[in-house]
Amino acid sequence: QVRLVESGGGLVQAGASLRISCVASTSTFKSYTMAWFRRAPGKEREFVGAVKWSGGAEYSEPVKGRFTIFRDNADNTVHLQMNALTPEDTAVYYCAASWALSTEVSSHINYNYWGQGTQVTVSS
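Residues numbered from 1 in each chain as written. Predicted model: local features only at pLDDT ≥ 70, side-chain atom pairs only at ≥ 80, totals over all residues. Heavy atoms only, no water.

## Some thoughts on the pairing of strand β8 (residues 77-82)
Of all the six residues making up β8, six are buried; the element is thus mostly covered by neighbouring parts of the structure. Alternating positions in β8 separate into two faces, Thr77, His79 and Gln81 on one and Val78, Leu80 and Met82 on the other, with burial throughout. Relative to β8, strand β3 (residues 18-24) is paired through six bridges, and the arrangement is antiparallel. Along β8, the bridge assignment pairs serine 21 with histidine 79. Inspection of the sheet shows strand β7 (residues 67-72) paired to β8 by six bridges, in the antiparallel sense. Bridge assignment links threonine 68 to a residue of β8, and that residue is glutamine 81. Linkage of β7 to β8, two consecutive antiparallel strands, is achieved through a turn of four residues, within which asparagine 76 is found at a positive phi near 55 degrees. (Buried < 20%, exposed > 50% of the residue type's maximum accessible area, 1.4 Å probe, protein only. Helix = DSSP H or I, 4+ residues; strand = E, 2+ residues; numbered from the N terminus. Pairing = 2+ DSSP bridges.)

Structure, rendered in structure tokens:
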């Protein structure tokens, strides 16, 4: 069992930057592909980005060029750096983990473990 705990959400103005983080309780963190998903009010869960256990990252089109996901295997942590935020980025952001996942990283069904979520609100 892997426990994921997100932190760093909050209220920011449009155009601002924010970093959210997720700490995983596992000694084999480096073997997990880590991802961020989000759910906006009244909308379906949406893939944001993932960093693979083997290296490399993928992003959804709405965030590509603005968001960066990176991991620190020494601290069992994955971060999501969000720049140029817009009100459309307002959502609960969830951290997810999947052991040795290499393909279809954007599909939520491939992730075994989820955090409780952290709220990000962007005001106009």
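The discussion continues.
## What about unusual backbone geometry?
Located in the positive-phi region is alanine 84, a residue other than glycine, with phi close to 50 degrees. Position of alanine 84 relative to the elements: it lies in the loop between β8 and β9 (91-99). Looking at alanine 84, the relative accessible area reads 39%, which means it is partly exposed. Notably, alanine 100 is not glycine yet its phi reads approximately 55 degrees, a positive angle. Relative to the helices and strands, alanine 100 resides in the loop between β9 and β10 (113-114).

## Some words on the state of the cysteines
Applying the stated criterion across every chain yields a total of one disulfide. Note on cysteine connectivity: cysteine 22 is disulfide-linked to cysteine 95, with sulfurs 2.2 Å apart. For the disulfide bridge between cysteine 22 and cysteine 95, the dihedral angle about the S-S bond is near -75 degrees, and by the sign convention the bridge is left-handed. Placement of cysteine 22 in strand β3 and of cysteine 95 in strand β9 is noted, with a sequence separation of 73 residues between them. (Disulfide = S-S within 2.5 Å.)

## Things to note about the nonpolar core
Grouped together as the largest cluster of nonpolar side chains are 28 residues, with contacts concentrated most on Leu4, Met34, Trp36, Val78, Leu80, Met82 and Tyr93. Of all the secondary structure elements, the ones that give two or more residues to this core are β3, β4 (32-39), β5 (45-51), β7, β8, β9 and β11 (118-123). Once residues within four sequence positions are removed from consideration, methionine 34 is found in contact with Leu4, Cys22, Phe29, Gly49, Ala50, Val51, Ile69, Arg71, Val78, Cys95, Ala96 and Ala97. Listed in part, the eight residues of the second largest apolar core include Ala35, Leu101, Val105 and Tyr111. (Core = buried A, V, L, I, M, F, W, Y, C linked by side-chain atoms within 4.5 Å. Contact = heavy atoms within 4.5 Å.)

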